[in-house]
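Reading the structure
Letter by letter, the chains look like this.
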Amino acid sequence: MKYTETLDHAPAAVELEQLPDGTAWLRLHKDVVQGKTEAPEGEEGGPCWTATTAVAQLGTDRAAETVESITANLDDWWTYAEAWEEQPPMTLNQRMDAVETALADIVYIMTGGAEA
């Protein structure tokens, strides 16, 4: 997914945010331009940066990726992130299945692994 973003800091070209579930958010920034924020008349705006940003969520199958490995193939990763679309939300049945699985796991842990 690609969009224009305004930030309060100069972004790194590659940002990789690892998540506890083994997935990661990938943010790629290019065409970074420093500017000033809008301010009321008579005041000076603070610094800001505008960048073209491409974002993708990486699955657990991509857990070995690092900032260095992504930077080495930046053009390919930009194409991937630019084309990525967020998955549709889970259906009610999918959410209920996930809740049932989580509850079963909790019962298993709470009973010390004994069958309930």
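Structural notes, computed from the coordinates.

Topic: the sheet that holds strand S3 (residues 24-36)
Here four strands make up an open sheet; going across it, the order is S1-S4-S3-S2 and the pairing antiparallel. Bordering the open sheet on either side are strand S1 (2-7) and strand S2 (14-18), each of which pairs with just one other strand. Pairwise comparison of adjacent strand axes, ignoring direction, gives a mean angle of 30° for this sheet. Direction of pairing for S1 relative to strand S4 (residues 47-58): antiparallel, over a ladder of six bridges. Note that in S4 the partner of Tyr3 across the bridge is Thr53. Relative to the sheet, helix H2 (residues 74-83) contacts S1, S2, S3 and S4, its axis offset from that of S4 by approximately 80°.

Looking at the pairing of S4
The buried fraction of S4 amounts to nine of the 12 residues, a majority that puts the element mostly inside the structure. Across 11 bridges, S3 lies against S4 in antiparallel orientation. Looking across to S4, one finds that Arg27 is bridged to Val55.

Let's talk about the pattern of salt bridges
Taken as a whole, this structure holds four salt bridges when the rule is applied. The residue Glu65 makes a salt bridge to Arg62 at a minimum N-O spacing of 3.9 Å. On the basis of relative accessibility, which here comes to 32%, the residue Arg62 falls in the partly exposed class.

Quick notes on the rules
- Here the residue numbers are simple positions, counted from 1 along each chain's written sequence.
- Totals for whole chains, interfaces and linings use all residues, but because this is a predicted model, local features are given only for residues with pLDDT of at least 70 and pairs of side-chain atoms are given and counted only at 80 or more.
- By convention in this description, side-chain values take in all heavy atoms of the structure and omit both hydrogens and water.
- When DSSP finds at least two bridges between two strands, those strands are taken to pair.
- Here a helix means four or more residues in a row that DSSP labels H or I, a strand means two or more in a row labelled E, and each is numbered from the N terminus.
- Lines are fitted to the C-alpha atoms to define the axes, a helix being fitted only along its stretch in contact, and any angle between axes, read from their N-to-C directions, falls within 0 to 180 degrees.
- Only heavy atoms enter the contact rule, under which two residues are in contact if any of them lie within 4.5 Å.
- Burial classification: accessible surface area is computed with a 1.4 Å probe over protein chains only, and a residue below 20% of its type maximum counts as buried, one above 50% as exposed, and the rest as partly exposed.
- Take a side-chain nitrogen of Lys or Arg and a carboxyl oxygen of Asp or Glu: if they are within 4 Å of each other, that pair is a salt bridge.

None of the figures reported here should be taken as evidence of function without further support.
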